[in-house]
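A look at the structure
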Amino acid sequence: FDTIDPNSTDSDMAGIKNWFNEWYSKDTSRKIRAVNKAKGERGERLTTNVPYGYKRDPGDPKKWVIDEEAAQVVRRIYRMTLEGVGTEQIAAKLEEDGVLTPRAYWHSKGINRPGKVKDLPPTHWNSSSVIKMLSVQEYCGDILNFKTYSKSYKNKKRLENDRENWAIF
């Protein structure tokens, strides 16, 4: 419907155009979901973000390889945790030693990542970053698919899937 010119002759077709556009969006969403489901069930990674300590394989961008420089930091975090050091102390030690945070590390490599950019020093570690690294199962080398879902193509909000619905490879 043309709100500028309500007497426009196109307004007769507005309902049909809106219906067709809605149908097209729904159909495209259904097809993309089917393709992603097939890929996920085959064990292909569906996530676009590679976790800190990994990088995309230059030969096959669907695969991850270990980024040795960042992986040393991840291994250090796991080692300190196994030694009984708490997450606050780990963050403080990394900051004291001048270790770049994941965001600062990616920025130094020219990799843009989603998220809020804060005006903090590039070596300012939070315990929440350490906790996240320790809780992300992908660090064990697993492929996890279908952790989240959306109810509809109209709703962009992602909802958590029950753990028994995850595909783990």
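So, a few notes on the structure that sits alongside this text. (Residues numbered from 1 in each chain as written. Predicted model: local features only at pLDDT ≥ 70, side-chain atom pairs only at ≥ 80, totals over all residues. Heavy atoms only, no water.)

Quick word on the pattern of salt bridges
Taken as a whole, this structure holds 11 salt bridges when the rule is applied. The residue Glu-41 makes a salt bridge to Lys-37 at a minimum N-O spacing of 2.9 Å. With Glu-41 and Lys-37 both in helix H1 (residues 14-42) and 4 residues apart, this pair spans about one turn of that helix. Relative accessible area serves as the criterion here: at 45%, Lys-37 is assigned to the partly exposed category. Here Lys-93 ties to Glu-96 by a salt bridge, and the two come within 3.5 Å at their closest N and O atoms. (Salt bridge = Lys/Arg side-chain N within 4 Å of Asp/Glu carboxyl O. Helix = DSSP H or I, 4+ residues; strand = E, 2+ residues; numbered from the N terminus. Buried < 20%, exposed > 50% of the residue type's maximum accessible area, 1.4 Å probe, protein only.)

Some details on the environment of Ser-25
Within the fold, Ser-25 resides in helix H1. You can call Ser-25 partly exposed: its relative accessible area is 33%. Spatially, the C-alpha atom of Ser-25 lies 39 Å from that of Asp-119, the residues being 94 residues apart in sequence.

Thoughts on the nonpolar core
Ranked by internal contacts, the top residues of the largest apolar core, which has 20 residues, are Tyr-52, Val-73, Ile-77, Leu-94, Trp-125, Met-133 and Tyr-139. Counting residues per element, the ones that place at least two in this core are helix H2 (68-82), helix H3 (87-96), helix H4 (102-108) and helix H5 (127-135). Considering each element in turn, this core owes the most residues, 5 residues, to H2. (Core = buried A, V, L, I, M, F, W, Y, C linked by side-chain atoms within 4.5 Å.)

Quick notes on the environment of Pro-114
By the element assignment, Pro-114 lies in the loop between H4 and H5. The exposed category is assigned to Pro-114, whose relative accessible area is 56%. With residues near it in sequence (within four places) discarded, Pro-114 still touches Asn-49 and Arg-103. (Contact = heavy atoms within 4.5 Å.)

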